[in-house]
Amino acid sequence: MSRVLRIFNISTGWLGELGRSTLFLLRILANLPRLFLKPRLVVEQIYSVGVLSLLIVVVAGLFVGMVLALSGYRALADFGAENALGTSVALVVVRELGPVITGLLFAGRAGSALAAEIGLMKATDQLAGMEMMAVDPIKRIIAPRFLAGLIAMPLLTSIFCVMAIGAGGGYFIGVDVLGVDAAAYWNGIQSNIEFSRDILNIFLKSGVFGAIITWVAVYQGYHAPPTSEGVSRATTNTVVIASLAILGANLMLTAVLFSGH
Amino acid sequence: MQSRAVELLVGLFVCLGIAAIFILTMRVSDLANTSDVQGYTVTAAFNDIGGLKVGAPVDLAGVRIGRVTDIKLDQQTYQAVASIRISDQYKIPKDSDASILTSGLLGDQYVGIGPGGSLKNMKNGDKFVITQSAVVLENLIGQFMTSMNSGSSDSGSSGGGGGGSSSGSNDLFGHSGDSHSNGNQSPAGAATSSNAQ
């Protein structure tokens, strides 16, 4: 009997958490339009989540592109189809790896920092102080960070894709090192990547991922217990939950977007 | 001063991102193919275009002279009509022929032009009179199998392996052709050609 009760308690706890985070998201969304009057708040946050994540995203993009070209070449060379190297690298990067890896890096680099920052603000009573001064912390602190994540993720993902496919990544290994014909590399890419499906898919996926990551991060930070342990747990939870949510959402988005093929 | 540097860096970041989006749109995606719009359009009707796609290159003697801009089905003749846009700088004789070829064994399909001997050149709206359809691997194998089967039944039981039941060996070859086109993931050519069957 007590076991049933425990399961009931756990599941209602989960449901309560889900409901609270959804209400939290709605409160953020309601505050977004007012941010256009104060763009400076958002610009500062784009700096901390976007610009500071740029280096890791660029380097990761280069290495992912290089390793894809290297291993893809081995597989394709068996069939004498080296000329399809550009196509295979570009399709994998644009459709799946670009948004997913950028999302995972973003969760680790920017999401954890967001959760720790907001959690520490709460632990040091800064958020309570704002409320005392009749400043809504959701409007002033949370919403700009959410919008910044939403803007930064598509830009970072585009940069990742260009790095992985282009001159430093896949192109470097494929054409300069392994000797695939440069024209075949680009022609294969251009005739197989469709703008309406593949490129718009980047923006849709990365926008959804950006929203998920920042939502999880600000929620975890905002509701963290105001102790040092609570902040550390909020940071860990952010990375774990956001990463798993990205992978799950990616499966669903891929199933919906590419169902006709 | 501090916030000014932040604004600059964010501006740079957004510029980088937009540049990346621009590259993805104009260089990586298929929009890059539609950029060379100068030229004249001619059409060619094929019985079977195989895996030819819009945007496929049009070559003459290995030099790219244009692109396939449109593929439609002619409801009267049940032929596929490919519209081909050729750059203005290339003049080709009126009696040239067009055939659908494959670059490499598993590569993408393209249109190869064989120049004719006419003194008149093609102009906008003209049609290729002589065309050669794509070679569909399955048909080729089917022809090969029928000719081989009839050959082996003529000569009795000379070939040990070839003497088996014809339907069984046909199936075997059909399967190997299928797995080839599956292994070749990226050029949709092989996949669509097997769909078209």
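Since the structure is predicted, the reported quantities are computational estimates derived from the model, not experimental observations. (Residues numbered from 1 in each chain as written. Chains lettered and ligands numbered in written order. Predicted model: local features only at pLDDT ≥ 70, side-chain atom pairs only at ≥ 80, totals over all residues. Heavy atoms only, no water.)

K.L.:
Any chance you could break down the overall build of chain A for me, citing the residues and the numbers?
P.N.:
Scanning chain A from terminus to terminus reveals 10 helices and 0 strands. Tracing chain A from N to C terminus, the helices and strands come up as α-α-α-α-α-α-α-α-α-α. A total of 261 residues make up chain A; the buried ones form 50% of that total. Look at the contacts in chain A between residues 6 or more apart in sequence, and 84% of them connect residues 24 or more apart. Only carbon and sulfur atoms are counted for the fraction: they give 70% of the accessible area of chain A, which is about 12100 Å². (Helix = DSSP H or I, 4+ residues; strand = E, 2+ residues; numbered from the N terminus. Buried < 20%, exposed > 50% of the residue type's maximum accessible area, 1.4 Å probe, protein only. Contact = heavy atoms within 4.5 Å. Areas by Shrake-Rupley, 256 points an atom, 1.4 Å probe, with all protein chains shown as cover.)

K.L.:
Run through the interface of chain B and chain A, naming residues and quoting values.
P.N.:
Taken together, the 30 residues of chain B in the interface contact 32 residues of chain A. Across the interface of chain B and chain A, roughly 2700 Å² is buried in total on both sides, 72% from carbon and sulfur atoms. Scanning the region where chain B abuts chain A turns up 1 salt bridge. The salt bridge partner of Glu 7 of chain B is Arg 40 of chain A, with a shortest N-O separation of 3.0 Å. Among the residues making up the side of chain B that touches chain A, the classes are represented as 17 nonpolar, 6 polar and 7 charged. (Buried area = accessible area lost by both parts, 1.4 Å probe. Salt bridge = Lys/Arg side-chain N within 4 Å of Asp/Glu carboxyl O. Nonpolar A, V, L, I, M, F, W, Y, C, P; charged D, E, K, R; others polar.)

K.L.:
Give me a nonpolar patch on the surface: which residues, what numbers.
P.N.:
All names here are of chain A. Nonpolar side chains collect at one region of the surface, where Leu 104, Val 240, Ile 241, Leu 244 and Leu 247 lie side by side and expose about 410 Å² of accessible area between them. If one sorts the elements of the nonpolar patch by residue count, helix α10 (residues 228-257) sits on top with 4 residues. Along the chain, Val 240 turns up in helix α10. The class of Val 240 is partly exposed, set by a relative accessible area of 44%. (Patch = residues over 30% accessible without salt bridge, like charges linked within 9 Å, V, L, I, M, F, W, Y side chains within 5 Å.)

K.L.:
I'd like to hear about the pairing of strand β6 (residues 109-114) of chain B, residue by residue, with values.
P.N.:
All names here are of chain B. β6 sits mainly inside the fold: 6 of its 6 residues count as buried. Alternating positions in β6 separate into two faces, Gln 109, Val 111 and Ile 113 on one and Tyr 110, Gly 112 and Gly 114 on the other, with burial throughout. Bridging between strand β2 (residues 57-60) and β6 involves 3 bridges; their strand directions are parallel. By the bridge assignment for β6, Val 58 is matched with Val 111. Examined bridge by bridge, strand β5 (residues 97-102) and β6 share 6 bridges and lie antiparallel to one another. (Pairing = 2+ DSSP bridges.)

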